[in-house]
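# Residue-level structural notes
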Amino acid sequence: RKEVEQDPGPFNVPEGATVAFNCTYSNSASQSFFWYRQDCRKEPKLLMSVYSSGNEDGRFTAQLNRASQYISLLIRDSKLSDSATYLCAFSSGGSYIPTFGRGTSLIVHP
Amino acid sequence: GAGVSQSPRYKVAKRGQDVALRCDPISGHVSLFWYQQALGQGPEFLTYFQNEAQLDKSGLPSDRFFAERPEGSVSTLKIQRTQQEDSAVYLCASTDRPNTGELFFGEGSRLTVL
């Protein structure tokens, strides 16, 4: 089993839709979780960290489910500019080296 | 510039050639990472430096890959005797807060091996 698994998509949604992605991880020692955004042929950029209690940043909500070992990203009121690949990442205690998933492609259309 | 700078942005090499990829991290960032990203995949960890010390090189795929950061700033990733499977984007990232997981990536060096 891969350390981190993501549905590659693409998720094709209309503007204004709500869309959610999950990312499962296999290492139960994982302690820190993140969502990165990567535009086509560009570098990944941190979108948000994922806290145990869940966290929200505008239209974006991230949640952690330790029991089932997955994190989620919810995007409300999708914009055309949200079209990108969303990478989940985690690091384990004592290691500051993030492990990335393969990414989920989101396409928001008019 | 203020960001992570990588060069060359694009490199085409013939199979068997050696290549060197350079990374200039954000000034003052102690931690530096190299990742390899194949088409349609996520970044795969190669190696990690803290200052000039290479603390983890477990992701380097073979002994043809070598990385250094001799003065704790600029880093070079060298690939000897390139193979077609080495074709990928090589991403460098730096951070001054490694415990946060917030990495600042460069735009990458796209290597194509013919």
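What comes next is a walk through the structure. (Residues numbered from 1 in each chain as written. Chains lettered and ligands numbered in written order. Predicted model: local features only at pLDDT ≥ 70, side-chain atom pairs only at ≥ 80, totals over all residues. Heavy atoms only, no water.)

With that settled, the discussion passes to the state of the cysteines. Residue and element names in this part refer to chain A. Applying the stated criterion to the full structure yields two disulfides over all chains. Paired by a disulfide, Cys23 and Cys88 hold their sulfur atoms 1.9 Å apart. Where Cys23 bonds to Cys88 through sulfur, the torsion about that S-S bond is close to 55°, and the disulfide is right-handed. Pair noted here: Cys23 is in strand β3 (residues 19–25) and Cys88 is in strand β9 (residues 84–92), with a separation of 65 residues, a long-range link. (Disulfide = S-S within 2.5 Å. Helix = DSSP H or I, 4+ residues; strand = E, 2+ residues; numbered from the N terminus.)

Tallied over the entire structure, the rule returns 13 aromatic pairs over all chains. Pairing Tyr36(A) with Phe100(A) gives two aromatic rings, centres 5.2 Å apart and planes at 65°, and the pair type is edge-to-face. Taken as a pair, Tyr36(A) in strand β4 (residues 30–38) and Phe100(A) in strand β10 (residues 99–100) lie far apart in primary sequence, 64 residues in all. When the centroid spacing of 5.4 Å and the interplanar angle of 85° are considered together, the rings of Phe100(A) and Tyr35(B) count as edge-to-face. Placement of the pair is Phe100(A) in strand β10 and Tyr35(B) in strand β4 (residues 31–37), with the two residues belonging to separate chains. Grouping residues by exposure puts Phe100(A) and Tyr35(B) together as buried. Taken together, the aromatic side chains of Tyr36(A), Phe100(A), Phe33(B), Tyr35(B), Phe45(B), Tyr48(B) and Phe105(B) make up a single cluster linked through ring pairs. (Phe/Tyr/Trp six-rings, centres within 6.5 Å; stacked < 30°, edge-to-face > 60°. Buried < 20%, exposed > 50% of the residue type's maximum accessible area, 1.4 Å probe, protein only.)

Bringing the sheet that holds strand β8 (residues 75–79) of chain B into the picture now. All names here are of chain B. Taken together, four strands build an open sheet; the order of strands is β1-β3-β8-β7 and the sheet is antiparallel. Each having just a single partner strand, β1 (5–7) and β7 (65–68) make up the two edges of the open sheet. On average, each strand axis in the sheet is inclined to that of its neighbour by 15°, with strand direction left out of account. Bridge count for strand β3 (residues 19–24) against β8 is five bridges, and the pairing is antiparallel. When the sheet's bridge partners are listed, Val19 is paired in β8 with Ile79. (Pairing = 2+ DSSP bridges. Axes fitted to C-alpha atoms, helices over the stretch in contact; angles between N-to-C directions.)

Membership of the largest hydrophobic core comes to 23 residues, with the highest contact counts inside it found for Phe21(A), Trp35(A), Ile71(A), Leu73(A), Ile75(A), Tyr86(A) and Leu106(A). Contributions of two or more residues to this core are made by β3, β4, β5 (44–50), β7 (60–65), β8 (70–75), β9 and β11 (104–109) of chain A. Judged by nonpolar contacts, the second largest core, of 20 residues, contains Leu32(B), Ala88(B), Cys92(B) and Leu111(B). (Core = buried A, V, L, I, M, F, W, Y, C linked by side-chain atoms within 4.5 Å.)

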